[in-house]
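# Descriptive analysis of the structure
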Amino acid sequence: MNLSLTGNLGSGKSSLGKELVARGFEIISSGDIFRSLAAERNVSIVEMNKIAETDKSIDKMVDDRTIALGKTKDNVIFDSRMGWHFVPDSFKVFLMVDLQEAGNRVYHDSLRKAETYQDADAAIKALYERQSLEKERYRELYGVNYYDLNHYNLVIDSTHASPAVIAEEIIKRFEQFCAGDMTRYVEISPYRIYPTIEMDKLDDLKVEKYSSDCEDKVCFDDVLEVVLKDGNWYASGENEKLLAAQVDKKLFVCTEQVHKDVQSSEKICKEYEERAEFQYLSYPEEKKKYSNEKMYE
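Residues numbered from 1 in each chain as written. Predicted model: local features only at pLDDT ≥ 70, side-chain atom pairs only at ≥ 80, totals over all residues. Heavy atoms only, no water.

A separate point is the overall build of the chain. Of regular secondary structure, the chain possesses 12 helices and 10 strands. On C-alpha atoms alone, the chain measures out to a radius of gyration of 20 Å, which is about the 19 Å that the 2.2 N^0.38 rule sets for 297 residues. Reported as C-alpha extents along the three principal axes, the dimensions of the chain are approximately 70 × 45 × 35 Å. Each of the 297 residues in the chain was classed as buried or not, and the buried ones make up 49%. Sequence-distant contacts in the chain: of pairs separated by 6 or more residues, those separated by 24 or more amount to 79%. Carbon together with sulfur atoms contributes 49% to the accessible area of the chain, which is approximately 14500 Å² in total. When the 41 positive and 56 negative side-chain charges of the chain are each reduced to one mean point, those points stand 4 Å apart. (Helix = DSSP H or I, 4+ residues; strand = E, 2+ residues; numbered from the N terminus. Rg over C-alpha atoms; globule rule 2.2 N^0.38 Å. Buried < 20%, exposed > 50% of the residue type's maximum accessible area, 1.4 Å probe, protein only. Contact = heavy atoms within 4.5 Å. Areas by Shrake-Rupley, 256 points an atom, 1.4 Å probe, with all protein chains shown as cover. Lys, Arg positive; Asp, Glu negative; His and termini not counted. Charge placed at Lys NZ, Arg CZ, Asp CG, Glu CD.)

Moving on to unusual backbone geometry. In this model, Lys 249 sits at a positive phi of 60°, which is unusual for a non-glycine residue. By the element assignment, Lys 249 lies in the loop between α10 (239–247) and β10 (252–257). Phi at Glu 277 is positive, roughly 60°, even though this residue is not glycine. Note that Glu 277 resides in the loop between α11 (266–276) and α12 (293–296). Relative accessible area serves as the criterion here: at 66%, Glu 277 is assigned to the exposed category.

As for its position among the elements, Ser 264 is in the loop between β10 and α11. In this structure Ser 264 comes out as buried when scored by relative accessible area, which is 14%. Each residue touching Ser 264, except ones within four places of it in the same chain, is listed here: Tyr 194, Pro 195, Tyr 234, Cys 269 and Pro 284. Polar contacts involving the side chain of Ser 264 include one to the main-chain carbonyl oxygen of Pro 195, which spans 2.5 Å. (Polar contact = N/O pair within 3.5 Å; in protein donor to acceptor, adjacent residues only side chain to side chain.)

Bringing helix α4 (residues 57–72) into the picture now. The terminal C-alpha atoms of α4 lie 23 Å apart, and with 16 residues this matches the ideal 22 Å at 1.5 Å per residue to within 8%. At its buried positions, α4 is contacted by β2 (26–29), α2 (30–41), α3 (45–54), β3 (76–79), α5 (83–86) and α7 (120–142). (Expected span 1.5 Å × (residues − 1).)

Turning our attention to the nonpolar core. The tendency in soluble globular proteins is for nonpolar side chains to be buried as a group. The biggest cluster of nonpolar side chains holds 58 residues, and the ones touching the most others in it are Phe 94, Met 96, Ile 193, Trp 233 and Tyr 296. If you tally residues by element for this core, the top one is α7, at six residues. In this structure Phe 94 touches Thr 6, Gly 7, Asn 8, Tyr 146, Tyr 147, Leu 149, Tyr 152, Leu 154, Val 155, Ile 156 and Tyr 296, once residues within four positions along its chain are discounted. Judged by nonpolar contacts, the second largest core, of 22 residues, contains Leu 3, Leu 5, Val 93 and Ile 166. (Core = buried A, V, L, I, M, F, W, Y, C linked by side-chain atoms within 4.5 Å.)

Attention now moves to the sheet that holds strand β7 (residues 193–194). With mixed pairing, the 10 strands of this open sheet are ordered in space as β2-β3-β1-β4-β5-β6-β10-β8-β9-β7. Lying at the two open borders of the sheet, with one neighbouring strand each, are β2 and β7. In terms of strand pairing, β2 meets β3 through four bridges, oriented parallel. Note on β3: the bridge partner recorded for Ser 29 is Asp 79. Packed onto the sheet, helix α1 (residues 13–22) meets β1 (3–7), β2, β3 and β4 (91–96) and runs at close to 160° relative to β1. (Pairing = 2+ DSSP bridges. Axes fitted to C-alpha atoms, helices over the stretch in contact; angles between N-to-C directions.)

The subject of this paragraph is the pattern of salt bridges. Oppositely charged side chains are able to pair whenever their charged atoms sit close together. All chains considered together, the criterion is met by 30 salt bridges. Its salt-bridge partner being Arg 192, residue Asp 157 comes within 2.9 Å of it at the nearest N-O pair. You can see Asp 157 sitting in strand β5 (residues 154–157) and its partner Arg 192 sitting in the loop between β6 (185–188) and β7, a full 35 residues away along the chain. Residues joined in a network through salt bridges with shared partners are Asp 98, Asp 157, Arg 192, Lys 288 and Glu 293. (Salt bridge = Lys/Arg side-chain N within 4 Å of Asp/Glu carboxyl O.)

This part takes up α1. Turning to α1, its buried residues are Lys 13, Leu 16, Gly 17 and Leu 20. In an axial view of α1, the angular spread of the buried residues amounts to 105°, which keeps them on one side of the axis. Across α1 from its buried face, at more than 90 degrees, point the exposed residues Ser 14, Lys 18 and Ala 22. Those residues of α1 that are buried lie in contact with β1, β2, β3, β4 and α8 (163–178). Trailing α1 by a residue or two, Gly 24 shows a phi angle of about 105°, which is positive. (Arc of directions from axis to C-beta.)

A few words now on the packing of helix α9 (residues 204–213) against α10. The N-to-C vectors of α9 and α10 enclose an angle of 55°; their axes lie 8 Å apart at closest approach. Viewed along their axes, α9 and α10 adopt a mutual orientation that is oblique. Judged by the sense of rotation from one axis to the other, the crossing of α9 with α10 is right-handed. Contacts from Lys 206, Val 207, Tyr 210 and Ser 211 in α9 reach Glu 240, Lys 241, Leu 243 and Ala 244 in α10. For the contact of α9 with α10, the residue count by class is four nonpolar, one polar and three charged. (Parallel < 35°, antiparallel > 145°, perpendicular 65-115°, else oblique. Left-handed = near helix turned anticlockwise from the far one by under 90°. Nonpolar A, V, L, I, M, F, W, Y, C, P; charged D, E, K, R; others polar.)

Structure follows, in structure tokens:
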């Protein structure tokens, strides 16, 4: 069984890939395939890129090679925007991240690489615009939206989790999948989900029960219904589950997306922050011009 990996820019796929390689996987990327095709033609990568600008068959050759490798390889991770599409029987993983966090990562990384971002806000804007262009490009080329989270067996949030922890969670779900568990998991950081019920209206006994019932150390596995609205995640229904995950310092909470009318506020969020001792990256009233979540809507 193979695994395909894609995700948001700045989500940490490269660092995650190193952790997965250390755990026994081989990684094949679109870049690897492109380089092998260049070697077969006895040309440099620069020359191959120039050829690909006018010869659209190069893209198809990369796609066809990915399909062929997917049929012959085993225990391989296909690190590619369209890996899930060209290796359809793989375990499909999407690595999501809050765009503000991604922008901060890319900006600070650029300081080491001498790239040209004036500040983190500039990096956020550049990431969003690049992703928007890629989304349309792949839609035109293949007729699919790779930001549609329904394509994936596991969607996992890297905003507050280290690559090592994410690698272990992916392997756990991968092994469950290989054993016949077809459950689809969307694991979001509980510190990115806005509460919709005031603290004094919660049932503390429910919070304690949810907390004691969850044996997993990193993921709150009692499914929380969430709403995606205006580029933000909101808890729907039992906010006690959200609070239990936050108080217990879980890095992920299993979610199911529903469509309901929900509201939150900075006041409500601050109540949860105080109780669980953390801080949201932003509050619901802060209108986001750029958001990765807008790609998923």
